Each structure stands twice: as structure tokens, then as C-alpha cells.
Amino acid sequence: MGFFDKLKAGLAKTKNALFGRLDQLFRGFSKVDEDMLEELEEVLITADVGVGPTEKIIDRLRGKIRAEKITEPEKVKTALEEILVSMIGEGEPLVLDTKPSVILVIGVNGVGKTTSIAKIANLLKSEGKSVILAAADTFRAAAVDQLKIWADRVGVDIISHGEGSDPAAVVFDAVNAAKSRHSDVLIIDTAGRLHNKKNLMDELAKINRVVDRELPGCSRETLLVLDATTGQNAVSQAKEFRSSAPLTGLVLTKLDGTAKGGIVFSIREELGIPVKFICVGEQVDDLQYFKAGEFVSALFE
């Protein structure tokens, strides 16, 4: 099964529960009018697209209907699809121009951060890149062991210290290992804690200082992992983390387990941070680069 087929299957809950209502909506109206647009607005909000983004979508759609003189409901569906694709934009590629480049991964416990790291490592490895992991989430019980299991499964090196050790020290050793082994990418796992923002900021600042000192000028990504099943709470999490770290992209997990796939549009519109990866399953190859066209097509087909 290709990834697009996996994507369609993974987004089935969102499509069937909510976006599937679009077919009924457009078939239920014989003409394009405000009643139809109001009902469409309700469908989008129910899909967790968010109130603000939904209003912008409807306004753009209304303008498109006027400008293109659209009179058939089915053509409104096509116009809506075009607006949604343009709204979220294509996922921006990772910037990995130096050797090594660094990917810092953050996110609260339970969102799928550790498995996402493994899946990103697997994807990069499939592209011919050599990857090394840094187990710098030293505060959570079994986090290091869990990452070691995934590193072994994917077939990449990992640098770790004991539980409770200094994350910055782990990163220091990992950076030097990446340099000595001529690795292409270093992926750093970090502790995901929102209950004490100062600790989180201090820890990330220490890690970044180590990277700045040991790898000056390196390409660096800071990716936030979000659980799609949490809907609008994911947007709130992203806002919290954005105030603590300069985020370059998002990893959206568990899209196969929710009817709230519309959260992608809300995240992009409200935060302006690109979704770089999406995950629609438990297998190691169920994470791929985000492509807006494919994502929207999977919802509409």
C-alpha cells in the first residue's frame, strides 16, 4: 500500500464523520446561496478547523463564487478544495544543509515523540543519510530505554547517559560522536514538560548553547510533535511551546485515530508554523513529509 492509500485510510474517521458530510451538503442544495454557506461553515467548525480559520475560508469561498460566477454546488466543492490547499500551503522541506545537521524534537509526554523520532530517522536513512540519536529526555522513566529499542529497530546509532543525567552533557557527547562518525543528521530527543516553563526554557537554552558552541553555523530544525486527537488543545500546546522555543515545524501524529483532522488547517492559520510531517499509523514507515495537495485530496476523495 502506497502512502497516499495509507493517508486516505488514516483520514477515514475525519472524512466519514465530518468531511463526508460535504457530499450530502452539496447534493442537498440545488443552488449556491447563503444557507448552503452557513451549513458548510458548521461542517468545517465541527471538523476542528477552528472558528477563525473557518470564517476566513468561507469569506474566500464567497469571493471566489462571486468572481467566478459559480452557480453549481458541486463546483463550490472544487473551489473549497483549492482554497484549503492554498491555505495550508505545501509542507516546507527540512533544512539539512550542513554535515552534521541538527533536529531538536520537543513535545509533551504521550504525543508520540519517541516513535516520531524513530520514524524520522528511518525516513532520513531511507534517503541515504546517516543518522545518530541523542537520548536527552533523561527525566522521564524509561524514555532512554524506549529510544534505544527504536534506534536498534531502525538501525541507527544512539548516544545516551543514565536516567536523571544532564541533558546538555548527553548532547555534547552526541554532537562530538556525530562529528567523529561523519553523520549527516543528529536528532535530539528532549524532555517534554509544560508544567514548568522556566525549566523547559532553561533546558532548551542549555542544549542550544552546546550546539552553538560545538557546531557553529549548523543547519538546525526545532520540531514540535502534536497529537491530532487532542484537537484544539494541540493548538494551545503549540502556542505554549512557541513561547519557549523557536519552532521551525510541526509533526502531527495519530491522524488515523481521530475525526479531528481539520486541526491541520487551524494550526497553520493560527500559528503560521508549517506541518513538516504527518503520521497515520503505528508502523515505522507510517510517517511521511506533509503534502497539502495529497492531504486535502485524501479528505475529499
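Located above this text is the structure these notes cover.
Read on for an overview of the structure. Computed from a predicted structure; not experimentally measured. (Residues numbered from 1 in each chain as written. Predicted model: local features only at pLDDT ≥ 70, side-chain atom pairs only at ≥ 80, totals over all residues. Heavy atoms only, no water.)

## Structural notes on the overall build of the protein
A tally of regular secondary structure across the protein gives 13 helices and eight strands. The C-alpha atoms of the protein give 21 Å as radius of gyration, which agrees with the globular expectation for 301 residues (19 Å, within 12%). Viewed in the frame of its principal axes, the protein has a C-alpha envelope of about 65 × 40 × 35 Å. Here the protein holds 301 residues, and the buried ones make up 52% of them. Summarising the internal contacts of the protein: among those between residues at least 6 apart in sequence, 77% fall at separations of at least 24. Accessible area of the protein: about 12,600 Å², with a carbon and sulfur share of 48%. (Helix = DSSP H or I, 4+ residues; strand = E, 2+ residues; numbered from the N terminus. Rg over C-alpha atoms; globule rule 2.2 N^0.38 Å. Buried < 20%, exposed > 50% of the residue type's maximum accessible area, 1.4 Å probe, protein only. Contact = heavy atoms within 4.5 Å. Areas by Shrake-Rupley, 256 points an atom, 1.4 Å probe, with all protein chains shown as cover.)

## What to know about the pairing of strand β7 (residues 275-279)
Burial within β7 is extensive, with five of its five residues counted as buried. Looking at chain direction, strand β6 (residues 249-253) and β7 are connected through three bridges and run parallel. Bridge assignment links Leu-250 to a residue of β7, and that residue is Val-275. (Pairing = 2+ DSSP bridges.)

## Some details on the pairing of strand β4 (residues 185-190)
Across the six residues of β4, six count as buried, placing the element largely inside the fold. Pairing of strand β1 (residues 101-106) with β4 involves five bridges; the strand directions are parallel. Looking across to β4, one finds that Ile-103 is bridged to Ile-187. Examined bridge by bridge, strand β2 (residues 131-136) and β4 share six bridges and lie parallel to one another. Bridging across to β4, Ile-132 finds its partner in Leu-186.

## Details of the nonpolar core
Judged by nonpolar contacts, the single largest core of 104 residues is most densely connected at Leu-40, Ile-103, Ile-187, Ile-188, Leu-252 and Phe-295. For this core, the element with the most residues is helix α6 (residues 73-88), which contributes seven residues. Not counting residues within four places of it along the chain, the set of residues in contact with Ile-188 comprises Val-102, Ile-103, Leu-104, Val-105, Ala-134, Ala-136, Val-171, Ile-207 and Val-211. (Core = buried A, V, L, I, M, F, W, Y, C linked by side-chain atoms within 4.5 Å.)

## Things to note about unusual backbone geometry
Across the junction of Lys-99 and Pro-100, the peptide omega takes the value 0°, indicating a cis bond. Looking at where Pro-100 falls in the secondary structure, it is placed in the loop between α6 and β1. At Lys-69, a residue that is not glycine, the phi angle is positive and equals roughly 55°. Here Lys-69 falls in the exposed class, since its relative accessible area comes to 68%. Positive phi, close to 55°, is recorded for His-182, a residue that is not glycine. Along the chain, His-182 falls in the loop between α9 (167-180) and β4. Accessibility expressed as a relative area gives 57% for His-182, which makes it exposed.

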